[in-house]
Amino acid sequence: MKPITIFHSYSGVTRGVADKVKAACGGDLIEVKPKEKYSSLSAYSLGCFRALREEGEPIDPEVIDVSAYDLLVIGTPVWAWKATPPVNAAIAALSGCEGKRAVLFATCGASARDTLPTLRKALAAKGVEVADEFVFTTKDIKEGKRIEELIAGVHAAQTS
C-alpha cells in the first residue's frame, strides 16, 4: 500500500515527524504552504483566528490529487486547539480521495483538544476513513518514543 504524507509545518516540528514517517514507511511527501507566508505576529493572530473558525486559506499546492495512493498520512501543528488553516485547505483540496484510509497526527505544546475530531469529520465528508490518530506534545517529540507508535500505526493501516 503506497502512502502519501501531507503536512503543514510552521516551526519545523511537524515536518520532522513527517520526515520520520516517510523514512520508515516510504511513499511521497507533500508540504502544504500558505501562499501568503505567516510572520510571528500573523501566525498567532490571524492564523489562530482562522484555525478557531476551522477555515482554510490559499495554499500551494492548490489541488492535491491522491488517486495514486492507498493511504493518506496527514499532519498538522495545533493552533488554538484546531488544525492550521493550511491543513484545513489541504483537506478541501484533496481529489481522488473517496474510499481511501488516513492516519492523522498533530503536534502541540500540551493539548490538541478539537484538532483530530475536526479533521476526522472533514475527511469523512470527503469519503475518507480515519484508521488511526496520534497527538504528540512537546515532551513526546523530545523523547521520540511515541513516534514509533505512529510509524507502527501507518504500517498497520497499510496492511489492513
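Residues numbered from 1 in each chain as written. Predicted model: local features only at pLDDT ≥ 70, side-chain atom pairs only at ≥ 80, totals over all residues. Heavy atoms only, no water.

Caption draft 1: Looking closely at the overall build of the protein chain. Looking only at helices and strands, the protein chain has six helices and ten strands in total. The C-alpha radius of gyration computed for the protein chain amounts to 14 Å, which stays within 12% of the reference 15 Å derived for 160 residues, consistent with globular compactness. Along the first, second and third principal axes, the C-alpha atoms of the protein chain reach 45 × 35 × 25 Å. By the burial criterion, 48% of the 160 residues in the protein chain qualify as buried. Element-wise, carbon and sulfur atoms account for 52% of the exposed surface of the protein chain, whose accessible area totals about 7600 Å². (Helix = DSSP H or I, 4+ residues; strand = E, 2+ residues; numbered from the N terminus. Rg over C-alpha atoms; globule rule 2.2 N^0.38 Å. Buried < 20%, exposed > 50% of the residue type's maximum accessible area, 1.4 Å probe, protein only. Areas by Shrake-Rupley, 256 points an atom, 1.4 Å probe, with all protein chains shown as cover.)

Caption draft 2: Expanded view of the packing of aromatic side chains. Enumeration according to the criterion identifies five aromatic pairs in this entry. Ring geometry for Y10 versus W79: centroids 5.7 Å apart, planes at 85°, classification edge-to-face. Within this pair, whereas Y10 is found in the loop between β1 (3-7) and α1 (13-25), its partner W79 is found in strand β6 (residues 71-79), the two being separated by 69 residues in sequence. Connected via pairs of aromatic rings, a cluster forms that spans Y10, Y38, Y44 and W79. Above the ring of W81, the side-chain terminus of R113 is found at 4.2 Å from the ring centroid. (Phe/Tyr/Trp six-rings, centres within 6.5 Å; stacked < 30°, edge-to-face > 60°. Lys NZ or Arg CZ within 6 Å of the ring centre and 35° of its normal.)

Caption draft 3: Just α1, in detail. A rise of 1.5 Å per residue sets the reference length of α1, with its 13 residues, at 18 Å; its end C-alpha atoms lie 19 Å apart and thus fit the reference within 8%. Residues of α1 that are buried include every one of T14, V17, A18, V21 and C25, and no others. Relative to the axis of α1, the buried residues are bounded by an arc of 100° and lie together on one face. Of the residues flanking the end of α1, it is G26, one or two places downstream, whose phi is positive at about 80°. (Expected span 1.5 Å × (residues − 1). Arc of directions from axis to C-beta.)

Caption draft 4: Examining the layout of surface pockets more closely. Its boundaries defined by the atoms lining it, the largest pocket holds a volume of some 230 Å³. As for the largest pocket, its lining consists of 17 residues, and the residues nearest its centre are S11, V13, P77, T107 and C108. Taken together, the elements giving at least two residues each to the lining of the largest pocket come down to α1, β6, β9 (101-108), β10 (129-137) and α5 (138-143). Class assignment of the residues belonging to the lining of the largest pocket gives a composition of nine nonpolar, eight polar and no charged. Approximately 190 Å³ is the volume found for the second largest pocket. Residues that form the lining of the second largest pocket fall into these classes: three nonpolar, two polar and four charged. (1 Å grid on protein atoms, 1.4 Å probe; cavity = no way out; pocket = protein on both sides within 12 Å on 5 of 7 lines; lining within 4 Å. Points joined across faces, edges and corners; volume = space filled by probe spheres on them. Nonpolar A, V, L, I, M, F, W, Y, C, P; charged D, E, K, R; others polar.)

Caption draft 5: A look at the nonpolar core. Membership of the largest hydrophobic core comes to 28 residues, with the highest contact counts inside it found for I6, V66, L72 and L123. Going through the elements one at a time, β1, β6, α3 (85-93), β9 and α4 (115-125) are the ones with two or more residues in this core. In this view, L123 contacts I74, I91, L94, A102, L104, V128 and V130; residues no more than four positions away in its chain are not counted. Within the second largest apolar cluster, 16 residues are counted, among which are V17, A18, V103 and F105. (Core = buried A, V, L, I, M, F, W, Y, C linked by side-chain atoms within 4.5 Å. Contact = heavy atoms within 4.5 Å.)

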